[in-house]
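As a plain string of letters, each chain reads:
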Amino acid sequence: MDSQTLTNKSPDASVAAAYFSPDDYLLKTLQRAVANNQDIHISTGNTGSLTILSSRGEYFTDSPDLRALLCQSPDNCRVRILGTGDHQIPPESRVGRNIDELMWQAAFYVSDGRLMEGCNQADVIQLDCWPNLTRLPHTPNSFRILALLSKHPTSVFFASRLLKVPASEIYQIYSAAKAAGLSHAINRKAEEPRLEPHRSQSLLSSLLNKIGRF
């Protein structure tokens, strides 16, 4: 099996889906930065760091274990907003990895066969763009799942039945594709919550110190 291929033990499609919330993981931090076109630097201690350049659609990391980093709780991470000319922003001559790939990985790793909140088990899923699976983690049946969803928008239940694959694989692929902006549900209008931009932690600390003096 390819080193990027992960397996999942999963329930039948008729079993109610288990869900995960992006709020509990670094995924929400990334979503906020991307939604507000912010460039940020994320420090996570012994799992390394991430530089997110939403303005360029790229990311850089020095992490020895990106999966462990992306599974971190936001409470364990320090976010710093980057400004023009900030030394953390790599020179223009350097090219980072595509930020959509990072979003895929962030949702894929924490999904572990669960469906991301905001997605629905009854969604009729259409794949709008193929991910580069040669560079991304995926399940054993990812190619078959993505091929079906790109040609024939299908619900989780029917995709599981047609392909004879565990529903949890489809939950994981759908969550990753949704987070990366590669898919959408055609049977309902998605309710996308407004994500507030990240605030300067130095300013926040200053405000908290002032409040503490009273």
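Owing to the predicted nature of the structure, the values given are computational and were not obtained by experimental measurement.

Calculation rules
Per chain, residues are indexed from 1 in the order of the written sequence. Under the rules for a predicted model, residues below a pLDDT of 70 receive no local features and side-chain atom pairs below 80 are neither given nor counted, while totals for whole chains, interfaces and linings still include all residues. To obtain the side-chain values, all non-hydrogen atoms of the structure were used and water was disregarded. Summary of the burial criterion: residues with accessible area below 20% of their type's maximum are buried, those above 50% are exposed, and those between are partly exposed, where the area comes from a 1.4 Å probe applied to protein chains only. Each helix is a run of DSSP H or I of at least 4 residues and each strand a run of E of at least 2, with the numbering of both proceeding from the N terminus. It is the directions from the helix axis to the C-beta atoms whose arc is reported. Contact between two residues is taken to exist if any of their heavy atoms lie within 4.5 Å; hydrogens are not considered. When DSSP finds two or more bridges between a pair of strands, those strands are recorded as paired. Centre distance within 6.5 Å is the pairing criterion for rings of Phe, Tyr and Trp, where only the six-membered ring of Trp is used; planes under 30 degrees apart are then read as stacked, over 60 as edge-to-face, and the remainder as tilted. When a carboxyl oxygen of Asp or Glu is within 4 Å of a side-chain nitrogen of Lys or Arg, the pair counts as a salt bridge. Axis geometry follows a simple rule: fit a line to the C-alpha atoms, using only the stretch in contact for helices, then measure angles between N-to-C directions, giving values from 0 to 180 degrees.

A look at helix H5 (residues 156-163)
Right, on to step 1. Among all positions of H5, only Val-156, Ala-159, Ser-160 and Leu-163 are buried. Down the axis of H5, the buried set is contained in an arc of 100°. They therefore lie on one face. H5 presents Phe-158, Arg-161 and Leu-162 as exposed residues on the side facing more than 90 degrees away from its buried surface.
Right, on to step 2. Where H5 is buried, its residues touch strand S8 (124-127), helix H4 (142-151), strand S9 (154-155) and helix H6 (167-179).
Right, on to step 3. Downstream of H5 by one or two residues, Lys-164 has phi in the positive range, about 55°.

Overview of the sheet that holds strand S4 (residues 58-61)
Right, on to step 1. Taking strand neighbours across the sheet as the criterion, the five strands line up as S5-S2-S3-S4-S6 in an open arrangement whose pairing is antiparallel. Of all strands in the sheet, those with a lone pairing partner are strand S5 (78-81) and strand S6 (97-98), marking the two edges.
Right, on to step 2. Pairing between S4 and S6: two bridges, direction antiparallel. Looking at S6, one finds that Tyr-59 is bridged to Arg-97.

Observations regarding the packing of aromatic side chains
Right, on to step 1. Using the criterion set out here, one finds four aromatic pairs in the structure.
Right, on to step 2. Considering the side-chain rings of Phe-108 and Tyr-109, the 6.1 Å spacing of their centres and the 80° angle between planes classify their relative orientation as edge-to-face. Considered together, Phe-108 and Tyr-109 belong to a single accessibility category, that of buried residues.
Right, on to step 3. Centre to centre, the rings of Phe-157 and Phe-158 are 5.3 Å apart; their planes meet at 85°, and the pair counts as edge-to-face.
Right, on to step 4. Phe-157 gets classed as partly exposed once you look at its relative accessible area, which sits at 28%.
Right, on to step 5. Given a relative accessible area of 52%, Phe-158 falls into the exposed group.

Some points on the pattern of salt bridges
Right, on to step 1. Inspection of every chain in the model, using the stated rule, returns five salt bridges.
Right, on to step 2. Between Arg-97 and Glu-101 there is a salt bridge, and its shortest N-O distance comes to 3.1 Å.
Right, on to step 3. Exposure remark for Glu-101: the relative accessible area of 10% places this residue in the buried category.
Right, on to step 4. Residue Asp-123 is joined to Arg-188 by a salt bridge in which the shortest nitrogen-to-oxygen separation is 2.5 Å. Taken together, the residues Asp-123 in the loop between strand S7 (115-116) and S8 and Arg-188 in the loop between strand S10 (183-185) and helix H7 (201-213) connect sequence positions 65 residues apart.

Looking at the sheet that holds S9
Each strand in a sheet pairs with its neighbour through backbone hydrogen bonds, running either in the same direction (parallel) or in the opposite one (antiparallel).
Right, on to step 1. Pairing within the open sheet is antiparallel, and its three strands lie in the order S9-S8-S10. Both edges of this open sheet fall to S9 and S10, since each of them pairs with a single strand only.
Right, on to step 2. Sheet analysis places S8 next to S10, joined by three bridges and oriented antiparallel. Within S10, the position partnered with Ile-125 by the bridge is Ala-185.
Right, on to step 3. Contacting S8 and S9, H4 crosses the sheet at an angle of about 95° to S8.
Right, on to step 4. Where H6 meets the sheet, its contacts fall on S8 and S10, and the angle it forms with S10 comes to roughly 110°.

Re helix H1 (residues 26-35)
Right, on to step 1. The element H1 is extensively covered by neighbouring structure, given that seven of its ten residues are classed as buried.
Right, on to step 2. Three or more residues of H1 are buried, namely Leu-26, Leu-27, Lys-28, Thr-29, Leu-30, Gln-31 and Ala-33.
Right, on to step 3. Looking one or two places after H1, you find Asn-37, whose phi comes out positive at around 55°.

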